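Overview (structure and organization)
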Amino acid sequence: MDIFRIQGGNRLSGSVKISGSKNGALPVLFASLLCDGPVELRNVPTELRDIKTTLKILETLGARSEVGEYGSVNIQIQDVSSTCADYELVSAMRASICCLGPLLARRGEARVSLPGGCSIGDRPVELHTRGMEALGAEVSIENGYVVARAAQLKGSTVYLSGPMGSTVLGTQNVMMAAVGAEGETVIEGAACEPEVQATAGFLRAMGVAVEGDGTPVIRIEGRGRLDQGGGLGGGSFGIPPDRIETGTYLLAGAIAGDKVTIEGCNPSENLALLDLLNRIGVSVEVGTSTMTVQGVESVAPVDISMLPYPAFPTDLQGPLMALLCLGRGVSIITDKVFPDRFNHLSELRRFGARVRKEGPTAIIEGGAPLSGAKVMASDLRASACLVLAGLVADGMTEVYRIYHLDRGYERMEEKLRKLGAEVERLSEKELEQDREMELAQG
Ligand code: EPU
């Protein structure tokens, strides 16, 4: 298990190039199961662990994939007989529930392991399964698997808003199933996240009529009977830039930057973050596909809630908390999407941060001096929070279990080093050798 060792205090400057969107790419990869013809994807963040896991799952489902340069992935379905996504792979990544829709549409049946527990809180999938039922599938839970069958899916109106609002992956899952339905499907209470638009963009590139993505009402014209050998023809699609990686580097620039330019991003997808940065005194120059952020010594305190798009994203809650530790007063963050997503909080305390949790809310007393510490990453975005705190903490930080970070940030240590940060990746063995050497040198 790799470790990041960070010498805090270096001011960052220069530019960083944003990778393709992880959460945009994952459902699109699963959507390739709807196709018979070759699929060519560009700008896929192929080095991410979640992308590698997805390609493995696709292989078990009869898809041959080739990863090329610059994020190109070519996929060809060779065998449509398998309908089962196993526990071993699915339990590594919740997004794999997204093979439910395409398998049902193309193969008439799906057995997908229930993803199980997650360190960011409870993540049920009943909205996904209700959506499949609304399209006429019979769904049951058998031995830890979601089992869905449909001789023929039928287009229908599907309502997808639950107790915490809509569901991003659920919307994408139902969109993919609806491709194989007879007639039109209308998804009401659909998620509006840009990643849903990426799925819609891919389906359109494959010739499917989809409208309304980006709004709460999405319409999909079903193709009917895909399971009778009539998969989609294939085609080419480019994955948009990752708005969460973009936001993470904007926050890194605010925390530790002199002047950092984020390149190849889509600023219009980060308006909630840009508005917040403006309110707390961080200046950002916004171009068409670039943003330049000026670092600050401290920020004004703020009271903010994480909500579905276009509001402030829950995926940036952790990285934001690292910045608010530099606040000139008490900040309040409430996560209304994942109310238990606060694993980073107790680790932030190890840096000396004054943070505490009350229900779905974190209270951050800004201004406490941060000093380097050994901390444990517990999930993807919590890891990013700890790395950002390490950049500004006084002295040396070691972040353990960096494999969480590798699920969603491509080569983060290289990107940060290019900006002037002192970050190295060590295997546990290398760290051990370093320690022995230090001991030997007295
Ligand atoms: N929910 C239900 N029932 C369901 C599904 C969801 O109650 O059937 C609840 C969830 O428990 C949560 C809320 O609805 O409280 C929103 O969950 P959603 O289904 O939208 O989350 P998701 O689709 O499983 C995606 C991203 C997450 C991101 C969330 C919210 C992917 C692969 N994952 O998850 O990304 O936090 O949307 O924007 O797209 C990450 O990248 O680190 C990550 C966790």
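Sequence order sets the numbering: in each chain, residues are counted from 1 along the sequence as written. With the structure being a predicted model, the display of local features is reserved for residues of pLDDT at least 70 and the display and counting of side-chain atom pairs for 80 or more, all residues being used for whole-chain, interface and lining totals. The side-chain figures draw on all heavy atoms in the structure; neither hydrogens nor water molecules are used.

Observations regarding the sheet that holds strand E24 (residues 422-426)
Spatially, four strands are ordered E22-E23-E1-E24 in an open sheet, and the strand pairing comes out mixed. Each edge of the open sheet is held by one strand with a lone partner, namely strand E22 (374-376) and E24. The sheet shows a mean angle of 20° between the axes of neighbouring strands, direction not considered. Here the rule is simple: two strands pair whenever DSSP picks up at least two bridges between them. By definition, any uninterrupted DSSP run of H or I lasting at least four residues is a helix, any uninterrupted run of E lasting at least two residues is a strand, and each is numbered from the N terminus. Bridging between strand E1 (residues 3-7) and strand E23 (residues 396-400) involves four bridges; their strand directions are antiparallel. Residue Ile6 lies in a different strand from E23, and its bridge partner there is Thr397. Packed on one face of the sheet, helix H12 (residues 380-392) meets E1, E22, E23 and E24 and runs near 25° to E1. It only takes one pair of heavy atoms within 4.5 Å for two residues to be counted as in contact. The axes are straight lines fitted to the C-alpha atoms, using for helices just the contacting stretch, and the angles between their N-to-C directions are given from 0 to 180°. The strands touched by helix H14 (residues 428-440) are E1, E22, E23 and E24; relative to E24, the strand with the most contacts, the crossing angle is about 110°.

Describing the sheet that holds strand E11 (residues 184-188)
An order of E10-E11-E13-E12 is seen for the four strands of this open sheet, with the pairing classed as mixed. Sheet topology places strand E10 (157-159) and strand E12 (210-211) at the edges, where each strand pairs with a single neighbour. Bridge count for E10 against E11 is three bridges, and the pairing is parallel. If you follow Val158 over to E11, its bridge partner there is Ile187.

As for helix H10 (residues 317-324)
Exposed residues in this analysis have more than 50% of their type's maximum accessible area, buried residues have under 20%, and partly exposed residues fall in between, with area computed by a 1.4 Å probe over protein chains only. Along H10, eight of the eight residues are buried, which leaves the element largely enclosed by surrounding structure. All buried positions along H10 are accounted for by Gln317, Gly318, Pro319, Leu320, Met321, Ala322, Leu323 and Leu324.

Examining the site of the ligand
We call a residue near a given molecule or strand whenever any one of its heavy atoms falls within 4 Å of it. Taken together, 24 residues surround the ligand, and among them Thr167, Leu169, Asp315, Val337 and Arg381 come closest. Whenever a nitrogen or oxygen atom comes within 3.5 Å of another N or O atom, the pair is scored as a polar contact, on the condition that within protein one atom can donate a hydrogen and the other can accept it, and that pairs from neighbouring residues in sequence are kept only if both atoms are in side chains. Backbone polar atom of Val168 to an oxygen atom of the ligand: 2.8 Å apart, as the coordinates give it. Note on areas: Shrake-Rupley, 1.4 Å probe, and residue coverage restricted to the protein chains presented here. Here the ligand has 830 Å² of accessible area as a free molecule, and 91% of this is covered by the chains. Among the elements of the structure, helix H1 (22-31), helix H5 (126-134), helix H6 (168-178) and H12 are those that each provide at least two residues to the shell around the ligand. The biggest single contributor to the shell around the ligand is H5, with three residues. Residues belonging to the shell around the ligand are distributed by class as follows: 12 nonpolar, five polar and seven charged. Classification used: nonpolar for Ala, Val, Leu, Ile, Met, Phe, Trp, Tyr, Cys and Pro, charged for Asp, Glu, Lys and Arg, polar for all others including Gly.

Purely geometric numbers; function is a separate question.
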